[in-house]
Amino acid sequence: MKSFRKELHLKTGKRREIQNITGQVQEAVEESGIQEGMVLVNPMNVTSSIFINDDEEGLEKDFEILVEKLAPERPYSQYHHNVFEKNADAHLKRCIMGREAVCGLTKGRLDFGTWEQILYYDFDGKKDAKVLVKVIGE
Amino acid sequence: MKSFRKELHLKTGKRREIQNITGQVQEAVEESGIQEGMVLVNPMNVTSSIFINDDEEGLEKDFEILVEKLAPERPYSQYHHNVFEKNADAHLKRCIMGREAVCGLTKGRLDFGTWEQILYYDFDGKKDAKVLVKVIGE
Amino acid sequence: MKSFRKELHLKTGKRREIQNITGQVQEAVEESGIQEGMVLVNPMNVTSSIFINDDEEGLEKDFEILVEKLAPERPYSQYHHNVFEKNADAHLKRCIMGREAVCGLTKGRLDFGTWEQILYYDFDGKKDAKVLVKVIGE
């Protein structure tokens, strides 16, 4: 069995921001030389999600409305966590949208359906962020 | 390390429908001949979820009420995605319920507790659907 | 490829309770002798979640408020599942918070960012619970 590890380095300009990292993950898979196996993709911070969905502009707005409806950013005072920080909502949004994606790897490619795209969703951005890509297989 | 890949082909008759695919996944595991490892199960479309829970009729209704409460199908006009399609709610429901399940494989069997069942939940059904089963191990 | 399996045995004193099991998972990894690979951590019951987030007291209260808002425990009569049991809300909360975590394993350690902690969240506690730790790699 072979394994390979890479950190993707991302920059976010807004508090909440979605970036499509499918290409970067596929590149990491190619660097690994692994043909058959699994790929784990997860953010190394706890206020972001990796999730797989369609990459479509209208839908991006719908995701934003959903997470703000279920775990609104404001008022900051509604959250017990917001003593020294103001990012409790980001921790909660990350719970709803999930942490990591595990993808199949077949013949050296992400084993995806037509519309599957790997999206990084930062809920407490304006920062440098790291995403772990771990590939195992042969 | 060995790997094995199979697509399950499902048909859904309703917009939202839950199917128990535990038996089909276990069959795929047996075809693989792999005894120890991990199994990834994920829908190849982006408007469905694979999740693991109890397979119980009352609970199925409760799941339906939950996803409709958090991300209602109608009115279609509430979603930015619904320009050419009417399935934005399905993309959102899939975020809440999750995309994939990763299962342990021990002595050739899904390493499950008593009540764990693998459920396919389509939120935009009336279609043919494919589910990827990827097994790695030895 | 090597594989290793361990069940963690937990006891919960309250209906809803969060326990940090990061240390126990790391111990299982060390027992396995595996240096590079992946670790699956999942509860063997279907009314709990394993999720990864910050382990902070205020946030724990915020998680509680979130899951009670989205899928309230009471009134029990609102759920179709609650015929012989009163734990439908626990099944739904588990859907929202997710079932399992898959973690990277690098140089014999959980490949985590600074704040990542593995949390077991029981939504129908006051019981003995088992959590599966499955490690594969080399």
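Residues numbered from 1 in each chain as written. Chains lettered and ligands numbered in written order. Predicted model: local features only at pLDDT ≥ 70, side-chain atom pairs only at ≥ 80, totals over all residues. Heavy atoms only, no water.

Caption draft 1: Inspection of the interface of chain B and chain A at higher detail. Contacts between chain B and chain A engage 30 residues on the former and 36 residues on the latter. Both faces considered, chain B and chain A share a buried interface measuring about 2500 Å² in area, 61% of it formed by carbon and sulfur atoms. The three residues of chain B that bury the most area against chain A are Met1(B), His80(B) and Cys95(B), which together make up 23% of that side's buried surface. For the pair chain B and chain A, the number of links is three salt bridges. When the shortest N-O distance is used, the salt bridge between Lys134(B) and Glu36(A) registers 2.7 Å. Viewed at the interface, chain A and chain B are joined by 14 residue pairs in polar contact (both at pLDDT 80 or more). (Contact = heavy atoms within 4.5 Å. Buried area = accessible area lost by both parts, 1.4 Å probe. Salt bridge = Lys/Arg side-chain N within 4 Å of Asp/Glu carboxyl O. Polar contact = N/O pair within 3.5 Å; in protein donor to acceptor, adjacent residues only side chain to side chain.)

Caption draft 2: Seen up close, the relation of the copies chain B and chain A. Rotating chain B by 120° about the axis while translating it 0.0 Å along that axis superimposes it on chain A, leaving an RMSD of 0.0 Å. Read as a symmetry element, the transformation amounts to a three-fold axis. (Least-squares fit on C-alpha atoms with pLDDT ≥ 70 in both.)

Caption draft 3: A look at the sheet that holds strand S4 (residues 48-53) of chain B. Residue and element names in this part refer to chain B. Strand order in the open sheet formed by three strands is S2-S7-S4, and the pairing between neighbours is antiparallel. Of all the strands in the sheet, just strand S2 (17-20) and S4 have a single pairing partner and so form its edges. Each adjacent strand pair in this sheet contributes to an overall mean axis angle of 25°, direction not counted. In this sheet, strand S7 (residues 117-122) lies alongside S2 in antiparallel orientation, the contact comprising four bridges. Following the sheet pairing, Ile18 is matched in S7 by Tyr121. On top of the sheet, helix H3 (residues 88-97) reaches S4 and S7; it is set at about 30° to S4, its chief contact. (Pairing = 2+ DSSP bridges. Helix = DSSP H or I, 4+ residues; strand = E, 2+ residues; numbered from the N terminus. Axes fitted to C-alpha atoms, helices over the stretch in contact; angles between N-to-C directions.)

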